[in-house]
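These are the residues of each chain, in order.
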Amino acid sequence: MTIDLHTHSSCSDGTDPPARLVRHAAAAGITVLGLTDHDTTAGWVEAIAALPAGMTLVPGIELSARCDLGSARTAVHILGYLPDPGDAALRDALAELRASRLRRAETIVGRLAADGVPIDWQQVATLAAGATVGRPHIARALIDSGVVDSVGAAFAGPLNARSPYYQPKADLPASEAIRLVRAAGGVAALAHPLARRRGLVVDDADIVALAGAGLAGIEVDHPDHDEADRRHLAALAERLDLIALGSSDYHGTNKTTGLAACTTASASYRALVELAGHPVVLG
Ligand code: AMP
Ligand code: ZN
Ligand code: FE
Ligand code: FE
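Throughout this description, residue numbers start from 1 for each chain and increase along the sequence as written. Key to labels: chains lettered from A, ligands numbered from 1, both in the order written. Only residues with pLDDT of at least 70 get local features here, since the model is predicted, and only at 80 or more are side-chain atom pairs given and counted; chain-wide, interface and lining totals rely on the full set of residues. Calculated side-chain values reflect all of the structure's heavy atoms, with hydrogen atoms and water omitted.

**Q** Quick rundown of the overall build of the chain? Include the residues and the values.
**A** Looking only at helices and strands, the chain features 10 helices and 11 strands. Summarising its shape, the C-alpha atoms of the chain cover approximately 55 × 45 × 40 Å along the three principal directions. Note on exposure labels: buried denotes an accessible area under 20% of the residue type's maximum, exposed denotes more than 50%, and partly exposed covers the range between, all computed with a 1.4 Å probe on protein chains only. Across the 283 residues of the chain, 52% fall into the buried class. Put simply, 71% of the contacts in the chain that link residues at least 6 apart link residues at least 24 apart. Only runs of H or I of at least four residues qualify as helices and only runs of E of at least two qualify as strands under DSSP, and these elements are numbered from the N terminus. In what follows, residue pairs with any heavy atoms lying within 4.5 Å of each other are defined as contacts.

**Q** Quick one: what's the story with the packing of helix H4 (residues 121–128) against helix H5 (residues 135–144), residue by residue and with numbers?
**A** Inter-axis angles, ranging from 0 to 180 degrees, are taken between N-to-C directions of lines fitted to C-alpha atoms, where helices are fitted over the stretch in contact. At a minimum axis separation of 9 Å, H4 and H5 run at an interaxial angle of 120°. What the angle tells us is that H4 and H5 run oblique. Viewed along their axes, H4 and H5 form a crossing whose handedness is right-handed. Contact with H4, carried on its side by Gln123, Val124, Leu127 and Ala128, involves His137, Ile138, Arg140, Ala141 and Asp144 of H5 and no other residues of that element. Each angle receives one of four descriptions, namely roughly parallel if under 35 degrees, roughly antiparallel if over 145, roughly perpendicular if within 65 to 115, and oblique otherwise. Throughout, a crossing is termed right-handed when the near helix is turned clockwise from the far one, and left-handed when it is turned anticlockwise from it by less than a right angle.

**Q** Break down the pairing of strand S6 (residues 187–191) for me, with residues and values.
**A** With respect to burial, S6 is a largely interior element, 5 of its 5 residues being buried. Residue alternation in S6 divides its side chains into two sets, Val187, Ala189 and Ala191 and Ala188 and Leu190, and both sets are buried. Sheet topology note: the strand S4 (residues 75–81)/S6 ladder contains 5 bridges and is antiparallel. Each bridged residue has a counterpart across the sheet, and for Tyr81 the counterpart in S6 is Val187. Strands are labelled as partners when DSSP assigns at least two bridges between them.

**Q** Summarise the packing of helix H3 (residues 88–114) against H5; cite the residues concerned and give the values.
**A** One can describe the packing of H3 onto H5 by two numbers: an axis separation of 10 Å at closest approach and a directional angle of 30°. The pairing of H3 with H5 is recorded here as roughly parallel in orientation. For the pair H3 and H5, the sense of crossing is right-handed. Facing H3, whose interface residues are Arg104, Ala105, Ile108, Val109 and Leu112, H5 presents Arg135, Ile138 and Leu142. Any residue outside Ala, Val, Leu, Ile, Met, Phe, Trp, Tyr, Cys, Pro, Asp, Glu, Lys and Arg is labelled polar, Gly included; the first ten of those are nonpolar and the last four are charged. Here the residues of the contact of H3 with H5 sort into 6 nonpolar, no polar and 2 charged.

**Q** Before we move on, can you summarise the coordination of the iron ion (ligand 3) with the specific residues and values?
**A** Excluding water, the donors of a metal are its N, O and S neighbours within 2.8 Å, or within 3.2 Å for Na, K and Ca, and that exclusion means sites may look incomplete. Surrounding the iron ion (ligand 3) are the protein donor atoms Glu62 (OE), His77 (ND1) and His192 (NE2), which sit 2.0 to 2.2 Å from the metal. Mapped onto the polypeptide sequence, the residues donating to the iron ion (ligand 3) form the spacing pattern E-x14-H-x114-H. In this structure, the iron ion (ligand 3) is positioned 5.8 Å from the zinc ion (ligand 2). Of the two residues, Glu62 sits in strand S3 (residues 56–66) while His77 sits in strand S4, which places them 15 residues apart along the sequence. For His77, a relative accessible area of 11% translates into the label buried.

**Q** Account for the side chain of Asp249, with residues named and values stated.
**A** Relative to the helices and strands, Asp249 is located in the loop between strand S10 (243–246) and helix H10 (266–275). Looking at Asp249, the relative accessible area reads 2%, which means it is buried. Here His6 takes part through its side chain, which lies 2.7 Å from a polar atom of the side chain of Asp249. Distance and chemistry together define a polar contact, namely a pair of N or O atoms within 3.5 Å, with one atom able to donate a hydrogen and the other to accept it when in protein, and with adjacent residues in sequence counting only for side-chain atoms on both sides.

**Q** An account of the coordination of the iron ion (ligand 4) is needed here, citing residue identities and associated values.
**A** Every protein donor of the iron ion (ligand 4) is listed here as His6 (NE2), His8 (NE2), Glu62 (OE) and Asp249 (OD), and their distances to the metal cover 2.0 to 2.3 Å. Angle rules define the geometry names used: all angles between 85 and 135 degrees makes four donors tetrahedral, while opposite donors over 155 degrees apart and all other angles between 65 and 115 make four donors square planar and six octahedral, leaving every other case irregular. Around the iron ion (ligand 4) sit 4 donor atoms; with metal-centred angles ranging over 75 to 164°, the donor geometry is irregular. Look at where the donors of the iron ion (ligand 4) fall in the sequence and you get H-x1-H-x53-E-x186-D. A distance of 4.4 Å spans the gap from the iron ion (ligand 4) to the zinc ion (ligand 2).

**Q** I'd like a description of the site of ligand 1, backed by residues and values.
**A** For ligand 1, the set of nearby residues contains 14 residues, the closest of which are Asp13, Arg104, Arg135, Lys169 and Lys255. At 2.9 Å, a side-chain N or O of Lys255 approaches an oxygen atom of ligand 1. Per-residue and other accessible areas were derived by the Shrake-Rupley procedure at a 1.4 Å probe size, with only the shown protein chains allowed to occlude residues. Out of a free accessible area of 490 Å², ligand 1 has 86% covered by protein chains. Those elements that provide at least two residues to the shell around ligand 1 are H3, H5 and helix H6 (151–156). For the shell around ligand 1, the per-class residue count stands at 3 nonpolar, 4 polar and 7 charged. Any residue with a heavy atom lying within 4 Å of a molecule or strand is counted as near it.

**Q** Provide a residue-level description of the nonpolar core, including the pertinent values.
**A** Buried residues of nine kinds, namely Ala, Val, Leu, Ile, Met, Phe, Trp, Tyr and Cys, make up a nonpolar core once their side-chain atoms join them within 4.5 Å. With 31 residues, the main nonpolar core has Val76, Ile78 and Leu190 as its most contacted residues. Of all the secondary structure elements, the ones that give two or more residues to this core are S3, S4, H3, helix H7 (174–183), S6, helix H8 (204–212), strand S9 (217–221) and helix H9 (227–240). When near neighbours in sequence (up to four residues on either side) are disregarded, Ile78 contacts Ile61, Glu62, Leu63, Ala65, Ala177, Ile178, Ala188, Ala189, Leu190 and Leu215. One finds Ala105, Val124, Ala141 and Ala154 within the second-largest nonpolar core, a separate group that totals 18 residues.

**Q** I'd like a description of H9, backed by residues and values.
**A** Its 14 residues give H9 an end-to-end C-alpha distance of 20 Å, which sits within 8% of 20 Å, the value for a rise of 1.5 Å per residue. When we look at burial in H9, the residues that qualify are Asp229, Arg230, Leu233, Leu236 and Ala237. When H9 is viewed along its axis, its buried side chains cluster within an angular range of 130° and face the same direction. Opposite the buried face of H9, at more than 90 degrees from it, the exposed residues are Glu227, Arg231, Glu238 and Arg239. Take the number of residues in a helix, subtract one, and multiply by 1.5 Å to get its expected span. Note that the arc is computed from the directions linking the helix axis to the C-beta atoms.

So this is what it looks like as structure tokens:
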């Protein structure tokens, strides 16, 4: 089994539409695929319809949150696996997060345009085409306008969190993100706790607190983690009885990471599914 539980489609800031993502996953030898778009379940139906025989889909989401349990207010990303997409509280929260992402992206684009950068909102809206909007969409518009030559260059420059154009996203308290996922019958996991390059570093005390708030899993193997990080997180997962996950966090051509760059052990996957209140979807 090749299990990759964290990927993005063009329903958020990946570049593959869900059906193409499924085809690429099959070509990469993936047998269990997690679709975890930011703040939306919109890609699930198309992904499910595209599943080839023998592939399993684990429908999920990724929520941006802020650790409200320790003192540091660290930014964290919470993965939610197998929540009921019809759950009203979850649906409302996702709709509000998407709406606030739109306002935030318009703010960033407005600041860029006001400073003479050749970009306008219509360009970004067209590129996003109804998807959950993120900085990668603005990056694509900046490439089209000849301002930068890659998504990475946009993130290193005008879209960087230290740039004067930057506007943070609205985010949920982490305890609320976990609660929403669980109340919808899903399983909550912490994404890339040590994504140092992106300034996302969750310390052990916060992870302990999140575990106490109902977190069930944690990404140990992730492209942003080095070997020492992985050893540290594996030991922590063991100590806290968290399911150790491994995933690529694939974003199509918006990132250089390929599908199945990191994978999850089958025992961990089975533990995750057992905890969920809803079945996976078989192709
Ligand atoms: P946002 O959520 O709008 O703040 O944008 C962050 C998204 O862009 C995340 O989903 C990341 O996966 C992606 N991202 C962050 N840093 C980079 C980078 N240097 N290059 C490409 N994508 C990135
Ligand atoms: Zn993303
Ligand atoms: Fe993330
Ligand atoms: Fe992600």
